[in-house]
Amino acid sequence: MSLSRRQVAVAAVASVPLALSGAGSALATGHRSRTLYIAGDSTAAQKFAAAAPETGWGMALPFFLHRSRPVSNHAVNGRSSKSFVDEGRLDAILDVIEPGDFLLIQFAHNDEKAEDPTRYTEPWTTYQDCLRMYVDGARARGARPVLATAVERRRFDAGGKAVPTHGEYPAAMRALAAEERVALLDMQALSLALWQELGAEETKKYFNWTATEQDNTHFNPPGAIAVARLVARELLRARVLGPRDVCRLEAEIPESWISWPESAA
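Note that the structure is a prediction, hence the values are computed from the model and not measured.

Enquirer: Can you help me understand the confidence of the model for the protein in this one?
Expert: Low pLDDT means the predicted coordinates in that region are not meant to be read closely. Scored by pLDDT, the protein has a mean of 90; 88% of the residues are at 70 or more. A low-confidence stretch, residues 1–30 stays under pLDDT 50, and its non-local contacts, those more than four residues away or across chains, total 44 contacts.

As structure tokens, this is what we get:
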């Protein structure tokens, strides 16, 4: 299925909170605007009113970035590194990305689905091949690719230990990042450590657990904010962004800052 440019644009615009956007402010400070594009799956994606309180971490990332580092969130529910390309979503980003921009790439949740040939990739072959398309495409346009291992699901063993769920995919991405000399945000390791620190019961407050749903994959506002904070810290640690590019890394972010617009579809 091919994706129209308008569909991609609508989703991306919805990802940038109005109060935190504004090229005028960036120009006034002399801090040139450079956009951070997100290519990913449902854990990062913009959510709409019908899905609330489910929240993608990409919705919260702008709270931790300077106004001159706007976020264009193209992550979409259910996509793998393969299906995102096959639907034309990577091409849609590459059509508009500019020199100096960033392309943050996070996939694995749906690449793991061996029963679905439209999404499945094998970690050490087709997964890496697909990721190279993002890396090469960004670089060809003067943008900087950034690889991010997939955030972990909420899963604990009988002894209360947080256990990994992504198999060989994080290792395959780490190896590719080293081979291609691409900045890596190891969100799998960082999120797993955070879930271990919080524990089995406390982590329920970070995932989309409601009266009718027990979702151990997707986040609610506190979870999205917590993961976005990790992403921003990693962008700074990896020197993808500088100290002037980030903000509020230690500040409390009100859940009320999260909003779910009505779907344009």
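So that's the structure; there's more coming.
Enquirer: Can you help me understand the nonpolar core in this one?
Expert: Side chains of a nonpolar character, in soluble globular proteins, are inclined to be buried together. With 45 residues, the main nonpolar core has Trp-57, Leu-61, Leu-185, Trp-195, Val-231 and Leu-235 as its most contacted residues. Take this core: its biggest share by element is 9 residues, from helix α9 (residues 221–237). If sequence neighbours within four positions are ignored, Trp-195 has contacts with Glu-152, Arg-153, Phe-156, Ala-162, Thr-203, Tyr-206, Phe-207, Phe-219 and Val-227. Counting residues in hydrophobic clusters, the runner-up holds 26 residues, among them Val-135, Ala-138, Leu-147 and Tyr-169.

Enquirer: Would you mind showing me how to read helix α7 (residues 169–180) here?
Expert: Three- or four-residue spacings in an α-helix give side chains the same orientation, since the helix completes a turn every 3.6 residues. Between its first and last C-alpha atoms α7 spans 16 Å; for 12 residues at 1.5 Å apiece the expected length is 16 Å, and the two agree. Residues of α7 that are buried make contact with β3 (102–106), α6 (123–140), β4 (144–148), β5 (183–185) and α8 (187–202).

Enquirer: Help me out: how do you make sense of α9 in this one?
Expert: Across its 17 residues, α9 extends 24 Å between first and last C-alpha, which sits within 8% of the 24 Å expected from 1.5 Å per residue. The buried count for α9 comes to 13 of 17 residues, which makes it a mostly enclosed element. Among the residues of α9, the N-terminal cap falls to Asn-220, whose side-chain oxygen and the backbone nitrogen of Gly-223 are separated by 3.1 Å. Trailing α9 by a residue or two, Arg-239 shows a phi angle of about 60°, which is positive.

Enquirer: Just to check I follow, could you spell out the pattern of salt bridges for this structure?
Expert: Pairing between side chains of opposite charge can happen when the charged atoms of each approach one another. Under the counting rule described, the total for this entry stands at 16 salt bridges. Between Arg-153 and Glu-112 there is a salt bridge whose closest N-O contact spans 3.2 Å. Residue Arg-153 is found in the loop between β4 and α7, and its partner Glu-112 is found in the loop between β3 and α6; the two are separated by 41 residues along the sequence. For Glu-112, a relative accessible area of 21% translates into the label partly exposed. The shortest N-O distance in the salt bridge between Arg-119 and Asp-116 comes to 2.7 Å. Residue Arg-119 is classed as buried on the basis of its relative accessible area, which comes to 18%. Under the relative-accessibility criterion, Asp-116 is labelled buried at 18%. Each member of the salt-bridge network shares a partner with another, and the members are Asp-129, Arg-132, Arg-139, Glu-179 and Glu-180.

Enquirer: Mind showing me how you'd approach the sheet that holds strand β1 (residues 36–40) here?
Expert: Sheet strands pair by backbone hydrogen bonding; their relative direction is either parallel or antiparallel. Read from one edge to the other, the open sheet built from 5 strands follows the order β2-β1-β3-β4-β5, with strand pairing classed as parallel. The outermost strands of the open sheet, each flanked by one partner alone, are β2 (71–73) and β5. Strand-to-strand twist across the sheet, computed as the mean angle between neighbouring axes with direction ignored, equals 25°. Those strands touched by α6 are β1, β3 and β4, and its axis lies near 155° from that of β4. Strands in contact with α7 are β3, β4 and β5; relative to β4, the strand with the most contacts, it is inclined by about 155°.

The rules behind these values
Residues numbered from 1 in each chain as written. Predicted model: local features only at pLDDT ≥ 70, side-chain atom pairs only at ≥ 80, totals over all residues. Heavy atoms only, no water. pLDDT = per-residue confidence, 0-100. Contact = heavy atoms within 4.5 Å. Core = buried A, V, L, I, M, F, W, Y, C linked by side-chain atoms within 4.5 Å. Buried < 20%, exposed > 50% of the residue type's maximum accessible area, 1.4 Å probe, protein only. Helix = DSSP H or I, 4+ residues; strand = E, 2+ residues; numbered from the N terminus. Expected span 1.5 Å × (residues − 1). Polar contact = N/O pair within 3.5 Å; in protein donor to acceptor, adjacent residues only side chain to side chain. Salt bridge = Lys/Arg side-chain N within 4 Å of Asp/Glu carboxyl O. Pairing = 2+ DSSP bridges. Axes fitted to C-alpha atoms, helices over the stretch in contact; angles between N-to-C directions.

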